Amino acid sequence: MRKIEISEKIENMKLEVILEENITARVAISEKAKVPCFRGCIDAKTLSDISISYNPSYLDEVENAEEKLVSTVKGILYHEHGHKTVCPRTLNNHEILLNVVAEVLKEKKKYSGFACADMLNAFEDLVDNTKCAFDFGCSGEFLFYDDCGRHSKKFNDYFEAFVRTQMAIYGNRNSKKVMNKYYTNSKKSRQAVVNFLKRTGINSITASFSTNKSDVLAKDREKITNYIANPKNWKELARIFTEEFSELIEPGIPFYSIQMGTGEGEGEFSLDENDKMEGVYRRYKGKNEKLDGEDDFEFNDEDSKYKGETDLSKSHAGKFNPPSYIDRYEALDLLYKRLAKNLDIKVSANTKSEQMPMSWFGKKKHNENETLSRIKFGFDEKGNVILTSPKYHVDMPVEYHLRPDSFPQINFVMLDTSGSMQSPVSGKGHGKIMNPWDDGGRHFSDTSAYHYAILSWYGLLEFLRKNGNLKRDNVKFANFSNRTILSKNLKDAKKSAFSPQFGGTELDMKEVNSVFENKEMLTLSLSDGQISNWDNIKKEFVEKAKQNYFVHIQIGASCSMTKDLEEAGLPVVYDRGENLPKIIIDLTNTYLKK
């Protein structure tokens, strides 16, 4: 009975808050036997689904439990809705702040994907909680922290500093009394709080209040709340927060979400691959970063106003600088996946249509040769029980996809990674350096022949993916220059594509033979000039190539290698470079349909 009454109170409270705050998100509140007893989350991508859970055992463990339970769940509901209305408001804002946090953690040598997401979650919660406490009070919030403390006995340094910071901003005597019993009074924890409040200027945002005896200075909660909740200030606040609070975590082991019992994932607001891909693409295109909602709050202090948009195309002119929360190899992989999605890739499904029975009716005596799935019991003319089957059926045309039992191997085999591939394709100027972190001798730009070669490779992968034929090990890849480096699975092939040698131009027939080990495979080679050891290998190469569906793609003019291939009856396609993706996709499409 008690659980039913609590459930009704929570449901009534939920409806009141939804109407009061005009919440349009789906709100689900359920019971879950977990400790700590409360959890809440919002769909980070859409900010549209709020999920909250509470442990019914709380009712038997705490004094005045009914009132506290409802108050805590209410505080969590305000908090989760605040992620949509207060911070981060949008996925774009979150991504910008994630980059700030990642930069600091890398400087501190404490970066990991988990630490980054966890640290930003703490910062966004601080902003959210500050505004929610000002608007709705903080009793539910500190009841939540009290439950975390009950199950951990003591706060760790990180979580203690987080709670102390909020206490300094908007706490009261009652909340202070409750939280004090969970503090270890760590010097490092206290120092992080002092440093954060001092460096951000929060401790100096005061107002004069008159008393019976004199005027006194005290913190101005309204100004402090507006300062923290203003998106114009988030990047600097996040940077200082991360610099100070990162001193409280062990390398790669954050404690914010773990203290709350939610540390098994990547943090509440981690990004999926598509989100990361879009963020990387914006960096490459040089689009401006701009925090949404920057005019929501008015300020008298001109120094605190946002100084303008960060123009990435100016600050990183001529270089691709991926977001700090993604490693460089992953960033290039995501970027070329995104660029490949922009290619004009047409997929024509191989389908066949057949008339198939869709609806059965009527009745007849069952024939033993008919399927058993439609058997029913019936009666004959004498009233005896017999087995019956439907007598008639309605046929409709049904299309189904034809897929080969074993998809053929694709050998995008000989990608020339010699130094000449660094040159811009005909008619193109010097573009943006795609790998500025490598030494200068290995740089390539987005106008180089090498860029278009990699884009061709990713275009091929995207084409196969759209056709449902991309597998981890059905695409071989080799880059050749001073050495011929063969990769036999997709993961290694991608790494090889971003590891150009930019040396000479030779082919190792031992590796080439490994590529040609199966017959009648699509085999593509790509080069922009003469292979230096061609005379030594051409006889064996031509012999192997003729056993496969082989095409050589030549960037630029003909050379002795291309002439020999043509004389042997092997196809050669010539291009300046920028049409490589289309050429390779068309060749692959033709091969798959042959």
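This write-up is about the structure you can find in this document. Here the structure is a predicted model, which is why all the values come from computation and not from measurement. (Residues numbered from 1 in each chain as written. Predicted model: local features only at pLDDT ≥ 70, side-chain atom pairs only at ≥ 80, totals over all residues. Heavy atoms only, no water.)

## Some words on the pairing of strand β2 (residues 38-42)
Looking at chain direction, β2 and strand β3 (residues 49-54) are connected through five bridges and run antiparallel. By the bridge assignment, R39 is partnered in β3 with S53. Taking the residues between adjacent antiparallel strands as the criterion, β2 and β3 are bridged by six residues, where L47 takes a positive phi near 50 degrees. (Pairing = 2+ DSSP bridges. Helix = DSSP H or I, 4+ residues; strand = E, 2+ residues; numbered from the N terminus.)

## With respect to the packing of helix α4 (residues 113-136) against helix α9 (residues 221-229)
How two helices pack is summed up by the angle between their axes together with the distance between the axes. Closest axis-to-axis distance for the α4/α9 pair is 9 Å, and the angle between their directions is 145 degrees. For α4 against α9, the interelement crossing comes out left-handed. On the side of α4, the interface is formed by V127, T130, K131, A133 and F134, while α9 contributes R221, E222, T225, I228 and A229. (Axes fitted to C-alpha atoms, helices over the stretch in contact; angles between N-to-C directions. Left-handed = near helix turned anticlockwise from the far one by under 90°. Contact = heavy atoms within 4.5 Å.)

## Notes on the nonpolar core
Y336 and W457 are the most contacted members of the largest nonpolar core, which has 133 residues in total. Sort the elements by how many residues they give to this core and helix α15 (residues 449-466) lands first, with 12 residues. When neighbours within four sequence positions are excluded, Y336 is seen to be in contact with M434, F444, H451, I454, L455, Y458 and F498. (Core = buried A, V, L, I, M, F, W, Y, C linked by side-chain atoms within 4.5 Å. Buried < 20%, exposed > 50% of the residue type's maximum accessible area, 1.4 Å probe, protein only.)

## Structural notes on the packing of α15 against helix α16 (residues 490-497)
Contact geometry of α15 with α16 gives a least axis separation of 11 Å together with a crossing angle of 165 degrees. Considering their axes alone, α15 and α16 lie roughly antiparallel with respect to each other. Along this stretch, α15 crosses α16, giving a crossing that reads as left-handed. Taking contact as the criterion, the partners of Y450, I454, W457, Y458 and L461 in α15 are, on α16, L490, A493, K494, S496 and A497. Residue composition of the contact of α15 with α16, by class: eight nonpolar, one polar and one charged. (Parallel < 35°, antiparallel > 145°, perpendicular 65-115°, else oblique. Nonpolar A, V, L, I, M, F, W, Y, C, P; charged D, E, K, R; others polar.)

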